[in-house]
Each structure stands twice: as C-alpha cells, then as structure tokens.
Amino acid sequence: MGKDTENSSVDYKGNTEGDIRRLVIPNEQGGQRLDQALTAMLPEFSRNRIQNWIRARKIVVDDGWGTTKMKVSGGEAVRVEIEPDPNATADAPEAIPLDVVFEDPVLLVINKPVGLVVHPGSGNRHGTLLNALLHRVPQVAELPRAGIVHRLDKDTSGLLVVAKTLKSHTDLVRQLQARTVKREYLALVYGEVDNAGTINAPLARDPHNRTKRTVHSMGKEAVTHYVVVERFPGVTLLRCKLETGRTHQIRVHMQHIGHPLVGEQTYSASRRSHHKIPFPRQALHAERLGLIHPITQEYMQWECPVPPDFSSLLDALRANTDWGK
C-alpha cells in the first residue's frame with residue numbers, strides 16, 4: 001500500500017499510481033452515484049477503472065465499503081486506494097526513429113510508416129511503435145498500452161495520436177467514445193464509385209478466422225462516410241471519415257459494398273479483381289486527424305501526405321499508364 005495523500009480538490013496533480021487519495025465529496029455532487037462523483041473528482045482515471053476499484057474494495061466511504069449502486073449526498077469522506085493499471089506496459093524500449101508531426105507535454109502525433117506494427121504481438125515482440133514510444137517517452141510505460149489510444153494496421157500509413165500522461169489518455173479515450181476525434185483516410189478502391197455515401201454495417205469477429213472481421217447483425221456498430229476525391233478507369237480514390245473505429249473497419253466496409261481496396265490481401269472481392277493492380281499492400285492512408293486538446297480544450301487538426309509508394313501509384317494512374325504491365 002502506498003503513502004497517504006491528503007486531497008479534497010479535483011485539481012490534484014500528485015502521483016497518479018501507488019498511492020492513497022483522501023477526498024471529500026462536494027455538496028454539488030450530491031445525488032450522483034459514487035462512481036460518477038469520483039470520475040469527476042479524479043478525471044485522470046476512467047469510470048470503468050473506478051468501478052473496478054469499488055468492486056475490489058479499494059474505496060471506502062466514511063466507515064464502509066463503497067458499492068457500485070451507492071449514491072452520495074455530499075460531505076462524505078472517501079478513501080481511494082490507487083491500484084496500478086493491469087494493462088501498464090512491460091515491453092522493452094527500442095531506439096526506433098519516429099516521424100513526429102506534433103509534440104507537447106501531454107500529446108504526441110506521429111506519421112506512422114508502412115510496415116510498422118503498432119502493438120507487440122505473436123511474431124512481433126520487437127520493432128513496434130510501442131517499443132519506440134518507450135524509448136522516446138519512458139513515462140508512457142505507466143500508461144495502458146503505452147499511451148496508444150487507437151491503432152493503424154501494419155500496412156496502413158498515416159496519423160496516430162499517443163497520450164503522454166494518464167489524464168490525457170483518459171481524456172482521449174473519452175473523446176473516442178464520444179466521437180469527437182476526427183479521422184479521415186484516403187482509400188484507393190476498385191470500381192468506379194458514383195457518389196458520396198455512408199456505410200452503416202455492424203462488425204464482428206469472423207467465426208471462421210478470429211484475425212478477420214466481418215459484417216454481422218450481432219456485431220458492434222460501425223459507420224463509415226465516404227466522398228469521391230478522384231476517379232480513374234476501374235478505380236476510385238475516396239476520402240473515408242470514420243464515425244466509429246472498429247478493427248479493419250474501412251477495409252471490411254469497402255469490400256461489403258463491392259469496392260475492395262487496391263492491394264487488399266485479406267478482404268479482396270475476388271482473385272481477378274485483387275490482381276488488377278499489383279500494389280503490395282492495402283492502399284489506405286490516415287491523412288487527417290483532429291481532436292480537442294486535453295488541456296487547452298482547443299480543437300487541433302493535422303494532415304500528412306500519402307507516402308511515396310501510394311503517391312507513385314496515383315501519379316501512374318493520372319498519367320494513364322498501364323500500371324504493372
């Protein structure tokens with residue numbers, strides 16, 4: 001158990017792990033559930049995490065254990081034992097160069113290159129973005145997933161935001177849940193798309209292959225908006241805007257409407273269409289990223305150009321060359 005830290009202010013800026021918080025519920029929060037009141041008083045921690053502490057008997061209200069259904073009146077003395085996050089990172093730091101688009105004390109925005117894996121996993125324990133972050137910003141080892149709040153597939157390039165503090169991590173997760181993080185992708189797809197549209201099709205794990213996703217009525221809500229940027233014979237460049245951020249969302253949705261991505265290996269419509277253009281990866285790039293800054297509360301947006309391989313493909317299409325032959 002850590003040291004006792006006296007605190008009755010929502011602006012506490014001390015240690016965020018391995019300590020004890022002593023709080024007094026403000027009168028204006030009377031009538032709220034205990035977890036709601038504590039989430040407002042400890043904004044660096046998610047409500048889910050606070051609820052877990054309540055269930056684990058890490059939170060005492062006056063002289064009794066807090067409960068998830070308890071309502072507070074205001075004036076209660078609360079003792080919170082801060083538990084280390086079970087998802088805190090234990091991977092090794094590695095000196096991997098990063099293309100940093102923006103950095104300040106609480107945020108890091110990078111332009112992820114093609115081929116860089118975001119999270120370590122089976123067959124990819126080293127050389128990942130997470131390993132690189134641990135070297136560049138050592139304190140993110142104390143954060144869930146080293147501060148990574150959303151991800152890009154290995155062969156998708158573009159913008160990705162990382163939290164450098166627990167408070168900013170919690171804020172960004174809440175923004176993602178509230179859909180205030182704006183993510184726009186450039187996607188080159190097969191077929192001539194006529195108009196803008198919206199794909200509202202829930203996604204679930206493929207029951208036959210757990211590494212894949214599929215459209216399924218019992219899946220999680222998934223919404224993708226798209227507009228036409230440029231048309232070529234047989235292919236169309238789209239700008240896709242994510243309303244939700246499910247795994248492989250754009251790749252699965254494009255296949256679902258009959259316009260799989262150029263270079264797509266996993267979600268191609270057929271081998272014939274798959275081999276029309278011999279591009280070595282899915283032609284997908286996270287071009288724009290916008291969010292509300294966790295500290296200043298100002299809206300910020302970044303943009304980065306497509307990488308050289310994608311750019312060369314587009315140049316060849318614009319020149320009306322017979323690509324790949």
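Structure's up top.
Q: I'd like a rundown of the overall build of the protein chain, residues and numbers included.
A: From N to C terminus, the protein chain includes seven helices and 16 strands. Residue burial in the protein chain is summarised as follows: out of 325 residues, 47% are buried. By element, 48% of the accessible surface of the protein chain is carried by carbon and sulfur atoms, the whole surface being about 15,900 Å².

Q: Can you tell me about the environment of Asn200, naming the residues and giving the values?
A: The residue Asn200 is located in strand β10 (residues 197-200) in this model. As a C-alpha pair, Asn200 and His253 span 53 residues in sequence and 8.5 Å in three-dimensional space. The contact partners of Asn200, leaving out residues within four places of it in the chain, are Ala222 and Val223.

Q: Outline a positive patch on the surface, listing residues and values.
A: Together, Arg205, Arg210, Lys220 and Arg246 line one region of the surface with positive charge. Structurally, the position occupied by Lys220 is in the loop between β12 (209-215) and β13 (223-232).

Q: Can you tell me about unusual backbone geometry, naming the residues and giving the values?
A: Of note in this structure, His248 is not a glycine but carries a positive phi near 60°. With respect to the element layout, His248 can be found in the loop between β14 (235-242) and α5 (249-256). Although it is not a glycine, Gln297 sits at a positive phi angle of roughly 65°. The residue Gln297 is located in the loop between β15 (284-292) and β16 (299-303) in this model.

Q: I'd like to hear about the nonpolar core, residue by residue, with values.
A: Ranked by internal contacts, the top residues of the largest apolar core, which has 51 residues, are Leu38, Ile59, Leu129 and Met254. When residues of this core are assigned to their parent elements, the largest contribution, five residues, is made by helix α3 (residues 129-136). Excluding residues that lie within four positions of it along the chain, Ile59 makes contacts with Leu34, Leu38, Ile50, Trp53, Ile54, Gly64, Trp65, Gly66, Val78, Arg79 and Val80.

Cut-offs applied
Residues numbered from 1 in each chain as written. Predicted model: local features only at pLDDT ≥ 70, side-chain atom pairs only at ≥ 80, totals over all residues. Heavy atoms only, no water. Helix = DSSP H or I, 4+ residues; strand = E, 2+ residues; numbered from the N terminus. Buried < 20%, exposed > 50% of the residue type's maximum accessible area, 1.4 Å probe, protein only. Areas by Shrake-Rupley, 256 points an atom, 1.4 Å probe, with all protein chains shown as cover. Contact = heavy atoms within 4.5 Å. Patch = residues over 30% accessible without salt bridge, like charges linked within 9 Å, V, L, I, M, F, W, Y side chains within 5 Å. Salt bridge = Lys/Arg side-chain N within 4 Å of Asp/Glu carboxyl O. Lys, Arg positive; Asp, Glu negative; His and termini not counted. Charge placed at Lys NZ, Arg CZ, Asp CG, Glu CD. Core = buried A, V, L, I, M, F, W, Y, C linked by side-chain atoms within 4.5 Å.

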